[in-house]
Amino acid sequence: MPPAPRVTSPVDPGFWRSPLRGPWLTSVLGVVLLAGVTVLFVTGLLSYAAYNPNLSPVNDKTPDKGLLGFYLFDWPTDPHWLYRLNQGLHVTVGITLIPVLLAKLWSVIPKLFTLPPARSPGHALERVSLLLLVGGALFEFVTGVLNVQLEYLFPGSFYPLHFYGAWVFFGAFVTHVVLRLPQVVRLLRERGWRQRLRDPRPEPADEADEADEAGEADEAGPVARRPAEPTVSRRGALGMVGAGSALLFVTTAGQTVDGPLRRTALFAPHGGGDPGSGPNGFQINKTAGKVGVEPRDTGEAWRLVISGPRGDVRLSRGELLQLPSHSAALPIACVEGWSTSDQWWRGVRLRDLAALAGFDADPPGVLVESLQRHGAFRRAALRDNQVRDPRSLLALHVNGEDLSPDHGYPARIIVPAAPGVLNTKWVSRLTFGEL
Ligand SMILES: Nc1nc2c(c(=O)[nH]1)N[C@H]1C(S)=C(S)[C@@H](COP(=O)(O)O)O[C@H]1N2
Ligand SMILES: [Mo]
């Protein structure tokens, strides 16, 4: 055999030698991503709607969204686990897809180095859309993982980044699917994906040449011109990707499932860690100490101010305890994907507090303010359907005990199906009707 020519530059097609690369592998990974990324888009948009961004500037982290908010709708309060399920899916599916995304990028990486950069204006346009696709995907996965792992690394700015990034990614993704799907379907039909899985041979070279002639070489998935000896079969390679995904899945999902499985959520910051025992022993987002809420703010001097058309009403915790009390079993479900199972909350209905403020029938929405002085989550607006739901409470107790300081003593909001961030802790003021 003559010695192979030395190839050192990645722009040389001979540089990329893995016999696994080719349209088949790229297509299989692409189909998995098509399904998974669709789930991410749907749950991502729903999660955004759950914040009620159009209700009040207080909730709106993306005031310049314009037309991109076209689909927003009134987030319901039923079923009460809606946000928990939605956000658990969003974060768990996102994390599980990471190995698939990396494998897909690996399978097409030679394309990044294809010369000339563009053969025609159409081809140039397509390559720009691919840059947006890859850049958008990486950006969304990285910002999402950082937000979950580092707990609000970018206070306030995660939402705009992840939101606008998602639309760029979405546009490029739809374009890509429209252009590629027919080809992928044909390819997987013709080659049978089972046979190819067992076939140890590299993607055939004649196929590469054929594709080259048709000007399609870098379209469907690049094939090695000088394939190296295989070190792993296609089945083995996909198996590794699948095992990676499975590992991430079982070490993430527990943070949403709760119960004994929470211990398996090794990579989730609110997962395995022991949240303490007893009635208040469930996940805490930010402790009172962390946001500067001191015992003297929440002691005897604390008053709840309820504002409405009749002026202000001020109530001590003792007076709140005299009002009719109700309970509801509801979870805390955070945008980060962690959630608790249903906890038993007890307190005063928001609609009863609205009546004290002068709204006897048809209570409006409410602006909730915490005594916490700084930080993004000290205020939130709730919609009228959330105020009217009989399970929406200003909670004073949880699981039969007073709220602990970290869970919002002396009083916190709890609303069915709402994202955690709307369940304001250490409440000091409720303003009905003015958001
Ligand atoms: N005042 C105030 N309320 C708050 C927050 C906060 O930082 N400050 N965090 C919110 C978020 S993001 C979540 S997920 C829940 C968490 O409630 P928990 O700590 O009782 O589990 O509280 C919400 N209420
Ligand atoms: Mo949260």
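Bear in mind the structure is a predicted one, so any value in this text is a computation, not a measurement.

1. Examining the sheet that holds strand β6 (residues 379-382)
Here's step 1: Across the sheet, five strands lie side by side as β2-β1-β10-β5-β6; this open sheet has mixed pairing. Each edge of the open sheet is held by one strand with a lone partner, namely β2 (311-315) and β6. Neighbouring strand axes in the sheet, compared pairwise and without regard to direction, differ in orientation by 15° on average.
Here's step 2: Here strand β1 (residues 304-308) runs beside β2; their pairing, made up of five bridges, is antiparallel. For G308, the partnering residue across the bridge sits in β2 and is G311.

2. Overview of the site of ligand 1
Here's step 1: Surrounding ligand 1, one finds 19 residues, the nearest of these being Q283, Q372, H407, R412 and K425.
Here's step 2: At 2.6 Å, a side-chain N or O of R412 approaches an oxygen atom of ligand 1.
Here's step 3: Residues belonging to the shell around ligand 1 are distributed by class as follows: eight nonpolar, eight polar and three charged.

3. Notes on the environment of S339
Here's step 1: By the element assignment, S339 lies in the loop between β3 (326-330) and β4 (343-349).
Here's step 2: Residues S339 and I284, spaced 55 residues apart in sequence, show a C-alpha to C-alpha distance of 9.9 Å.
Here's step 3: For S339, the contacting residues outside a window of four places in its chain are R84, Q255, T256, D258, R262, I332 and A333.
Here's step 4: Engagement of the side chain of S339 in a polar contact is seen with the side chain of R84, the distance being 3.0 Å.
Here's step 5: At a separation of 3.2 Å, a polar atom in the side chain of S339 contacts the main-chain carbonyl oxygen of T256.

4. Observations concerning the packing of aromatic side chains
Here's step 1: Scanning the entire structure with this criterion turns up 16 aromatic pairs.
Here's step 2: Between F70 and W167, the aromatic rings sit 6.2 Å apart at their centres with planes inclined by 55°, giving tilted as the arrangement. Taken together, the residues span a long stretch of sequence, with F70 in the loop between α1 (23-50) and α2 (82-96) and W167 in helix α5 (residues 158-191) at a distance of 97 residues.
Here's step 3: Through a chain of ring-to-ring contacts, the aromatic side chains of F41, Y48, F70, Y71, F163, Y164, W167, F169, F170 and F173 assemble into a single cluster.

5. Some words on the nonpolar core
Considering soluble globular proteins, one finds that nonpolar side chains tend to be buried as a cluster.
Here's step 1: Counting residues in hydrophobic clusters, the biggest one holds 30 residues, and the most contacted among them are L320, L353, L382, L394, I413, L430 and F432.
Here's step 2: Broken down by secondary-structure element, the contributors of at least two residues to this core are β1, α13 (350-356), β5 (366-370), β6, β7 (393-398) and β10 (427-432).

6. A word on the environment of A49
Here's step 1: Take A49: it is sitting in helix α1.
Here's step 2: The exposure class of A49 is buried, given its relative accessible area of 1%.
Here's step 3: Sequence separation of A49 and Y71 is 22 residues, and the distance between their C-alpha atoms is 8.4 Å.
Here's step 4: If near-sequence neighbours (up to four positions away) are discounted, A49 is found in contact with Y71, L72, F73 and W75.

7. Observations concerning the pattern of salt bridges
Here's step 1: Here the structure, examined in full by the defined rule, presents 10 salt bridges.
Here's step 2: Note that R317 and D402 form a salt bridge whose closest N and O atoms lie 2.8 Å from each other. In this pair, R317 is assigned in helix α12 (residues 317-322) and D402 in strand β8 (residues 401-402), connecting sequence segments 85 residues apart.
Here's step 3: For R317, a relative accessible area of 9% gives the class buried.
Here's step 4: On the basis of relative accessibility, which here comes to 39%, the residue D402 falls in the partly exposed class.
Here's step 5: Taking the shortest distance from any N to any O, the salt bridge between R388 and D384 comes out at 3.7 Å. Highlighted residues: R388 and D384, both in helix α14 (residues 384-388), separated by four residues, approximately one helical turn.
Here's step 6: Given a relative accessible area of 33%, R388 falls into the partly exposed group.
Here's step 7: Overall, D384 belongs to the partly exposed group, its relative accessible area being 30%.
Here's step 8: Connected through salt bridges with shared partners, the residues D78, D389 and R391 form a single ionic network.

8. Things to note about the domain arrangement of the protein
Here's step 1: Domain boundaries assigned for the protein yield domain 1 (13-255) and domain 2 (295-432).
Here's step 2: Centre-to-centre, using C-alpha coordinates, domain 1 lies 40 Å away from domain 2.
Here's step 3: With 29 residues of domain 1 in contact, the opposing surface of domain 2 contributes 31 residues.
Here's step 4: Of the roughly 2,600 Å² buried between domain 1 and domain 2 on both sides combined, carbon and sulfur atoms contribute 54%.
Here's step 5: Of all residues in domain 1, T77, H80 and R84 bury the most surface against domain 2, accounting for 26% of the area lost on that side.
Here's step 6: Where domain 1 meets domain 2, there are two salt bridges.
Here's step 7: The partner of R383 in a salt bridge is D74, and the shortest N-O contact between them spans 3.1 Å.
Here's step 8: Counting only elements with at least two residues in the side of domain 1 that touches domain 2, the list comes to α1, α2 and α4 (121-150).
Here's step 9: With six residues, α2 is the largest single contributor of residues to the side of domain 1 that touches domain 2.
Here's step 10: Looking at the side of domain 1 that touches domain 2 residue by residue, the classes come out as 14 nonpolar, 10 polar and five charged.

9. Quick notes on the packing of α1 against α5
Here's step 1: Contact geometry for α1 and α5: axes closest at 9 Å, N-to-C directions at 145°. Considering how the two elements wind past one another, α1 and α5 form a crossing that is left-handed. Contacts from P23, W24, S27, V28, V31, L33, L34, V37, T38, F41, L45 and Y48 of α1 reach α5 at F163, A166, W167, F169, F170, F173, V177, L181, V184, L187, L188 and R191.
Here's step 2: When its residues are assigned to classes, the contact of α1 with α5 shows 21 nonpolar, two polar and one charged.

Procedures and definitions
- Residues numbered from 1 in each chain as written.
- Chains lettered and ligands numbered in written order.
- Predicted model: local features only at pLDDT ≥ 70, side-chain atom pairs only at ≥ 80, totals over all residues.
- Heavy atoms only, no water.
- Pairing = 2+ DSSP bridges.
- Helix = DSSP H or I, 4+ residues; strand = E, 2+ residues; numbered from the N terminus.
- Axes fitted to C-alpha atoms, helices over the stretch in contact; angles between N-to-C directions.
- Near = heavy atom within 4 Å.
- Polar contact = N/O pair within 3.5 Å; in protein donor to acceptor, adjacent residues only side chain to side chain.
- Nonpolar A, V, L, I, M, F, W, Y, C, P; charged D, E, K, R; others polar.
- Contact = heavy atoms within 4.5 Å.
- Phe/Tyr/Trp six-rings, centres within 6.5 Å; stacked < 30°, edge-to-face > 60°.
- Core = buried A, V, L, I, M, F, W, Y, C linked by side-chain atoms within 4.5 Å.
- Buried < 20%, exposed > 50% of the residue type's maximum accessible area, 1.4 Å probe, protein only.
- Salt bridge = Lys/Arg side-chain N within 4 Å of Asp/Glu carboxyl O.
- Domains from an automatic or database assignment.
- Buried area = accessible area lost by both parts, 1.4 Å probe.
- Left-handed = near helix turned anticlockwise from the far one by under 90°.

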